[in-house]
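Secondary and tertiary structure notes
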Amino acid sequence: MAVSWRMPEYKINRDKDRCIDCQVCVNQCANDVHTWDEDLNRVVSDESLCVNCHRCIVYCPTRALNIEKWPTAFKDNANWDSGAIKQLYAQAESGGILLTGMGNDRPYPVYWDNLLLNASQVTNPSIDPLREPIEIKTFLGRKPARFDPSSDEFPPQMELDIPVLFSAMSFGSVSLNVHKSLARAASELNVFWNTGEGGLHRDLFEYAANTVVQVASGRFGVDAEMLARAAAVEIKIGQGAKPGIGGHLPGEKVGNEVSRTRMIPPGTDAISPAPHHDIYSIEDLRQLIFSLKEATEYSKPVMVKVAAVHNIAAIASGIARAGADVIAIDGFRGGSGATPLRIRDNVGIPIEFALAAVDTRLREEKIRNQVSLVAAGSIRNSADVVKAIALGADAVYIGTAALLALGCHLCQKCYTGKCNWGIATQNPRLVSRLNPEIGSRHLVNLLRAWEHEIKEMLGGMGINALESLRGNRLMLRGIGLNEKELQIMGIKAAGE
Amino acid sequence: MREGQIRIPSGCAISGIINRRGHGFSGSAIINSIALMHERSNGMGGGFAAYGIYPGYAEYYALHIFFESESVKAEMEKNLYASFQIHLAEEIPTRKSRKFKDAPIIWRYFATPLPAALERYDGDEEEFMARFVLRVNSTLRGAYIFSSGKNMGAFKAVGYPEDVGEFYRLDEYKGYLWTAHGRFPTNTPGWWGGAHPFALLDWSVVHNGEISSYDANRRYLEMFDYVCSLQTDTEVITYLFDLLLRKHGLSLRDAILVVAPPLWSRLEELEKNERERIQNLRIVYAGALLNGPFSIILATGNGLLALNDRLKLRSLVAAEDNEYLYVASEEAAIRVVANPQKLWFPAGGEAVLGLLYGKESLYTGGRCFDGGKLENAGI
Amino acid sequence: MKRVYNLSEYCVGCGLCEVHCATIHSEYPDNIWKAYRLADKRPMSRLFVERNATSSLSVQCRQCDEPACVYACITGAITKKSETGLVSIDEDKCVGCSTCLIACPYGLIKIDPYQKVSLKCDMCKDIAQTPVCVTRCPNEALVCREEEI
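Just so you know, the residues in each chain are numbered from 1, in the order the chain's sequence is written. Throughout, the order in which chains and ligands are written sets their labels, letters from A for the former and numbers from 1 for the latter. Selection of residues for local features in this predicted model requires a pLDDT of at least 70, selection of side-chain atom pairs for listing and counting requires 80 or more, and totals for whole chains, interfaces and linings are taken over all residues.

Looking now at the overall build of chain A. Helix and strand definitions here come from DSSP, where helices need a minimum of 4 consecutive H or I residues and strands a minimum of 2 consecutive E residues; each element is numbered from the N-terminal end. Looking only at helices and strands, one finds 15 helices and 21 strands in chain A. For chain A, the C-alpha radius of gyration of 24 Å lies close to 23 Å, the compact-globule estimate for 496 residues. The principal-axis extents of the C-alpha atoms in chain A amount to approximately 85 × 55 × 45 Å. Counting other C-beta atoms within 10 Å of a residue's own tells you its class, since 20 or more makes it buried, 12 or fewer makes it exposed, and anything in between is partly exposed; those C-beta atoms are placed from the backbone. Buried residues in chain A amount to 53% of all 496 residues. By definition, residues are in contact whenever their C-beta atoms, placed on the basis of the backbone, come within 7 Å of each other. In chain A, 68% of the contacts between residues at least 6 apart in sequence involve partners at least 24 apart. With the radius of gyration taken over C-alpha atoms, the globule rule is written as 2.2 Å times the number of residues to the power 0.38.

For chain B, the helix and strand inventory stands at 11 helices and 18 strands. Here chain B has a C-alpha radius of gyration of 20 Å; the compact-globule value for 379 residues is 21 Å, and the two agree. With the C-alpha coordinates aligned to their principal axes, the bounding extent of chain B is approximately 60 × 50 × 40 Å. Across the 379 residues of chain B, 56% fall into the buried class.

Joining buried Ala, Val, Leu, Ile, Met, Phe, Trp, Tyr and Cys residues through C-beta atoms within 7 Å gives a set, and that set is a nonpolar core. Core analysis: the biggest nonpolar cluster contains 304 residues, and Ile327(A), Ile329(A), Leu355(A), Val374(A) and Val396(A) have the highest contact counts within it. Among the elements that line this core, the one with the most residues is helix H7 (residues 233-247) of chain B, at eight residues. In contact with Ile327(A), not counting residues within four places along its chain, are Val304(A), Ala316(A), Ile319(A), Ala320(A), Val371(A) and Leu373(A).

Another aspect to go through is the arrangement of the chains. Ranked by contact count, the leading pair among the two pairs of chains in contact consists of chains A and B. Across all C-alpha pairs, the smallest distance from chain B to chain C is 37 Å, and the two are not in contact.

A few words now on the interface of chain A and chain C. If you look at the interface, chain A gives 17 residues, while chain C gives 19 residues. For the side of chain A that touches chain C, the secondary structure elements donating two or more residues are helix H1 (24-28), helix H13 (428-431) and helix H14 (436-460) of chain A. Examining the composition of the side of chain A that touches chain C, we find that three residues originate from one element, H1(A), more than from any other. Here the term charged refers only to Asp, Glu, Lys and Arg, the term nonpolar to Ala, Val, Leu, Ile, Met, Phe, Trp, Tyr, Cys and Pro, and the term polar to all other amino acids, Gly among them. The residue inventory of the side of chain A that touches chain C, partitioned by class, reads seven nonpolar, six polar and four charged.

Moving on, we get to helix H4 (residues 176-189) of chain A. Residue and element names in this part refer to chain A. By this rule the span expected of a helix is its residue count minus one, scaled by 1.5 Å. If you check H4, its first and last C-alpha atoms are 20 Å apart, about what 14 residues at 1.5 Å a residue would give, namely 20 Å. Among the 14 residues of H4, 12 are classified as buried, and the element is accordingly described as predominantly covered. Every buried residue belonging to H4 is among Asn177, Val178, His179, Lys180, Ser181, Leu182, Ala183, Arg184, Ala185, Ala186, Ser187 and Leu189, and all of these are buried. For H4, the elements touching its buried residues are strand S9 (164-166), strand S10 (193-194), strand S11 (211-215), helix H12 (400-406), H13 and H14. The positive-phi residue at the C-terminal boundary of H4 is Asn190, with phi of around 60 degrees.

The linkage connecting His196(B) with the following residue, Pro197(B), adopts the cis geometry, with an omega of 5 degrees. Examined against the element boundaries, Pro197(B) turns out to sit in the loop between strand S10 (177-185) and strand S11 (198-200). Non-glycine residue His54(A) carries a positive phi angle of around 75 degrees. The topology assignment puts His54(A) in the loop between strand S3 (42-45) and helix H2 (55-59). Judged by C-beta crowding, with 17 C-beta atoms within 10 Å, His54(A) ranks as partly exposed. At Asn190(A), a position not held by glycine, the phi torsion is positive, near 60 degrees. Using a count of 13 C-beta atoms within 10 Å as the deciding quantity, one classes Asn190(A) as partly exposed.

Per-residue confidence from the prediction method is given by pLDDT, with values spanning 0 to 100. Considering every residue of chain B, the mean pLDDT works out to 89; 92% of them sit at 70 or more. Predicted complex metrics record ipTM = 0.91 and pTM = 0.92.

Residues and elements named next belong to chain A. Annotation of chain A at the domain level lists domain 1 (10-96) and domain 2 (112-493). Throughout the structure description, domain borders are defined by an automatic or database domain assignment. Once you take the C-alpha centre of each, domain 1 and domain 2 turn out to be 35 Å apart. Taken together, the contact pairs nine residues of domain 1 with seven residues of domain 2.

Here the focus is the sheet that holds strand S21 (residues 492-493) of chain A. Residues and elements named next belong to chain A. DSSP bridges decide pairing: two strands pair if at least two such bridges lie between them. Sheet architecture is open: three strands sit in the order S6-S20-S21, paired in mixed fashion. Strands with a single pairing partner mark the edges of an open sheet, and in this sheet they are strand S6 (115-117) and S21. In this sheet, strand S20 (residues 476-478) lies alongside S6 in antiparallel orientation, the contact comprising three bridges. Residue pairing in the sheet places Leu116 in a bridge with Arg477 of S20.

Okay, the environment of Trp70(A) next. Residues and elements named next belong to chain A. Here Trp70 shows up in the loop between strand S4 (65-69) and helix H3 (82-94). In this structure, the C-alpha to C-alpha distance between Trp70 and Ile271, residues 201 residues apart in sequence, is 35 Å. Excluding its chain neighbours within four sequence positions, the residues that come into contact with Trp70 are Met7, Pro8, Glu9, Tyr10 and Lys11.

All right, on to the interface of chain A and chain B then. Chain A puts 33 residues into the contact, and the matching count from chain B is 32 residues. Of the residues that constitute the side of chain A that touches chain B, the class distribution is 13 nonpolar, nine polar and 11 charged.

Residues and elements named next belong to chain B. Taken in spatial order, the four strands of this open sheet run S5-S6-S4-S7, and their pairing is antiparallel. Each edge of the open sheet carries a strand with a single partner, namely strand S5 (84-91) and strand S7 (143-150). Direction aside, neighbouring strands of the sheet carry axes that sit 25 degrees apart on average. Pairing of strand S4 (residues 61-67) with strand S6 (residues 105-113) involves seven bridges; the strand directions are antiparallel. Bridge pairing in S6 places Ala62 opposite Phe110. Its contacts with the sheet put helix H2 (residues 70-83) on S4, S5, S6 and S7, and the angle it makes with S5 is roughly 150 degrees. The sheet contacts of helix H4 (residues 125-139) involve S4, S6 and S7, and relative to S7 the element is tilted by about 165 degrees. Interaxial angles span 0 to 180 degrees and are taken between N-to-C directions of axes, which are lines fitted to C-alpha atoms, for helices over the stretch in contact.

Turning our eyes to something else, we now look at helix H7 (residues 282-295) of chain A. Residues and elements named next belong to chain A. Between its first and last C-alpha atoms H7 spans 20 Å; for 14 residues at 1.5 Å apiece the expected length is 20 Å, and the two agree. Burial in H7 covers these residues: Leu285, Ile289 and Leu292. The buried side chains of H7 occupy one side of the element, clustering within an arc of 65 degrees when seen end-on. Every exposed residue of H7 that faces more than 90 degrees away from the buried side is listed here: Glu283 and Glu294. Close packing links the buried residues of H7 with S11, strand S12 (232-236), strand S15 (302-307) and helix H8 (312-321). Of the residues trailing H7, Glu297 is marked for its positive phi of about 60 degrees. Relevant arc is that of directions from the helix axis to the C-beta atoms, nothing else.

Another aspect to go through is the environment of Ala286(B). Topologically, Ala286(B) is positioned in the loop between helix H10 (272-284) and strand S13 (294-300). On the basis of neighbour counts, which here come to 24 C-beta atoms within 10 Å, the residue Ala286(B) falls in the buried class. In this structure the C-alpha to C-alpha distance between Ala286(B) and Val258(B), which are 28 residues apart in sequence, comes to 7.7 Å. Here Ala286(B) is in contact with Glu467(A) and Arg470(A), once residues within four sequence places are set aside.

With that settled, the discussion passes to the pairing of S15(A). All names here are of chain A. Across the six residues that make up S15, a large majority, six, are buried. As defined by bridge partners, S15 adjoins strand S16 (residues 326-330) across five bridges and the pair is classed as parallel. Pairing of Ala307 across the sheet is with Asp330, part of S16.

Between two packed helices, what matters for the description is the angle formed by their axes and the separation of those axes. All names here are of chain B. Viewed as axis vectors pointing N to C, helix H6 (residues 214-222) and H7 meet at an angle of 45 degrees, and their least axial separation amounts to 10 Å. Between H6 and H7, the interaxial angle falls into the category oblique. The two elements H6 and H7 cross, and the hand of that crossing is left-handed. Listed contacts from H7 to Tyr214, Asn217, Arg218 and Leu221 of H6 are Asp233, Val236, Tyr239, Leu240 and Leu243. Residues belonging to the contact of H6 with H7 are distributed by class as follows: six nonpolar, one polar and two charged. Roughly parallel here means an angle under 35 degrees, roughly antiparallel means over 145, roughly perpendicular means 65 to 115, and every remaining angle is called oblique. Crossing handedness is defined as follows: a turn of the near helix away from the far one that is anticlockwise and smaller than a right angle gives a left-handed crossing, while the clockwise case is right-handed.

All names here are of chain B. Look at H7 against helix H8 (residues 252-259): their axes get within 10 Å of each other, and the N-to-C directions meet at 140 degrees. Of the possible angle classes, the one that applies to H7 and H8 is oblique. The handedness of the crossing between H7 and H8 is right-handed. Residue-level contacts link Leu240, Phe241, Leu244 and Leu245 of H7 to Leu252, Ala255, Val258 and Val259 of H8. Considering only residue class, the contact of H7 with H8 consists of eight nonpolar, no polar and no charged.

Attention shifts here to the pairing of strand S3 (residues 56-59) of chain C. Residue and element names in this part refer to chain C. In terms of strand pairing, strand S2 (residues 48-51) meets S3 through four bridges, oriented antiparallel. What sits directly across from Arg51, in S3, is Ser56. Here S2 folds back onto S3 in antiparallel fashion, the turn holding four residues.

Structure representation (structure tokens):
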């Protein structure tokens, strides 16, 4: 079409008075929005290319730039909002599936914000974390139902000093510098990071003791060496951002390093199949779990990651009985580097419900000890962590939160490979923008801050060991929830 | 409102006395001890556990039962006679008192399970008894079995403990081990079954404090078919020890390492095998860790165990005087009944164990993998 | 002596080092906006940012042990201080002949077109504790260190 109906999404305002024509914005924009015009002798901006990543705004030394939503409004329409209309135009013009990045941004309720925590008052004392030890160490892995003092054998465990792990993000969807930042931080904090489905790059072998490797449906990068080095192996059945479909990495992002680590030819699209083609039923999963256990001599936990879907409680029960040591459940707010928009926004259920339902079901079936539960799908802060543990999780995965700590501004354009912050890109000019020294420092800062906040909240409840918070639903009250929601989460309403 | 409908936290007073030679003494001593701590209660509950008080019926389970009406009593007795041979059934003797004019019907039955009833449990008498009591208490409205051990009994009511002791005429009994509890609940329960001690088989627990890990413990116990119908801390503590000591056969030292584990940082000072062992215990029994302030006295036919939480957030004093061992919430409560040679204040997580001479373990069933000798349980 | 070294794998090519270098050497060293807006002449930085398609780096005078510019200077305006090792240009003595610029093997000397004198990195001597290009680099791509990395 000679004229597109699609207006720019954003408007760039440049304060002419403040702009000193230093061209930092020109140097930084990976989408070529800002250019130096010789004739006009100043910087000009093409807003149609702007993705609102804030790079130029943050870097401008005189704060001359700001960005607002393109001010042209459609007639008020509660049914066809401007997003729905623009998406329709895009499909009419292109005939393609709409892609997006990061997690579901639709206004579904965020149930973490409907949960309130307890504090001790009078009848038992709160504990001061500055003066008393508060232990938040946790172990992930299968636990025997009883202690056998005569036996030397104990199922393999992952020891975490803080109940937070870095979620799976593949090398290919993110840059190697992201992996370096995650690995270094995990190692320093004594927690774990997950390679995602792109394999483990050899530069990261030194961090293997804190690394979870992933066996996803495409089996990218899976070989004996990677399995031998890792601390744990995760079978990825699904993820919250795109339940039911596999990963997609466009060929442009498959450079030499990605090719070598994934063990695919450079420049080829890395498309993971929707199911594992050797897992069509629960017994097939059991076979893969035990194949991996045999291959690793039963020395490391085997995890299974699933998206939170309707029948998650029964699915989790099956996974536990299939022999998994840890089940990771990814709620519908989970992020991704590339996912079809409709699937991201309409498939899956919130992690709060999924977690509560799974924890309750496993206890009813008296098998809760057989697996540890890791909750994922938008854990945004330390209060979400505490609430997740109280609902029944052993630990949480953070993906989006970790990327935000590395500089992501949630522009949701990861799939273009032009991440201005050096995160979701393989372009060497952009990859250098994430300095792993700074990246890992930010991640360590984030988790240390959360560690202190978690201890404050636990101390406030009169709890000095994380075990006593796990599944302790009485420490939660619901606010603004209906009867059914309270019942599913197994909590009382505020005031009860 | 009663226990089981809502959760009622409480602060309290506890006391315990054992004659380690097994010589019986009158309940007056324990009554005087708990009476001294009158201000720690608010009259909303008091109770005692006494051991060795039924020497003539020592082979039989002594079921103490509250009934709210004659019709419930009739229905309960049908249940009892179907599963037990009842050797003696009688009202528990009490002194009439204005303070207890709302008293329920209180009876005791000396019973032996019928062989037919034990078949389902492979002859495991204790498992049968525990299941029977738990089932009756959670399903039969208006009846509550508040004591179910051999040669022992719990006595409790809504009132000050010294008044409760007088009501039940405990000065007329002779027992070698007595524990007592006075309650200060923050609500007004009117129900006698909710007072302490909580008793099951010959376990009895009196407890001062509030378990902040309650729901984590309860949901863990439910996986082993315990029903925490009273919603009290004492119930959960009793079930935890029953699980750890009777069903899983842990030694007493290990059980204490489970409910009041040493800090992770302290484990680093130990040698590798011991460190891994304690670490694994804590990992397996994470749901049994008791958090929140507590001082508890756990008693069985073999003796008593007194324990504080690992941060020592409740008071507990212990004393020894020849064959007598005393524990109480206050030093004065011991000195009012004795002039002990040795008196001390146990540290957080450090157990005080008073067993009958010649007994090696708290658990009377003897099912204990390594003998259960308590050496230095608090490390 | 301490020198400024670049970690080119972290250079993002933004040019903020140039902006801050220019500002601190201008009439308004504390205010970027005034430095660029109010000065008669556009402030100049004393460093160079090299960019190609895939990478970039920021370079400044190497404060050479055997400084070619010192030997080349016809007026003796450029000297190397023995205590600090710093190679500096005395602007009063400089006549703007550009011999130093030709002599420098790295090409790290500029000419100020307004004053007609040579400009080069002075390690922000007397104007900042640590050179501002180092402290202001948003990606920590410049370091000020004793030894060669």
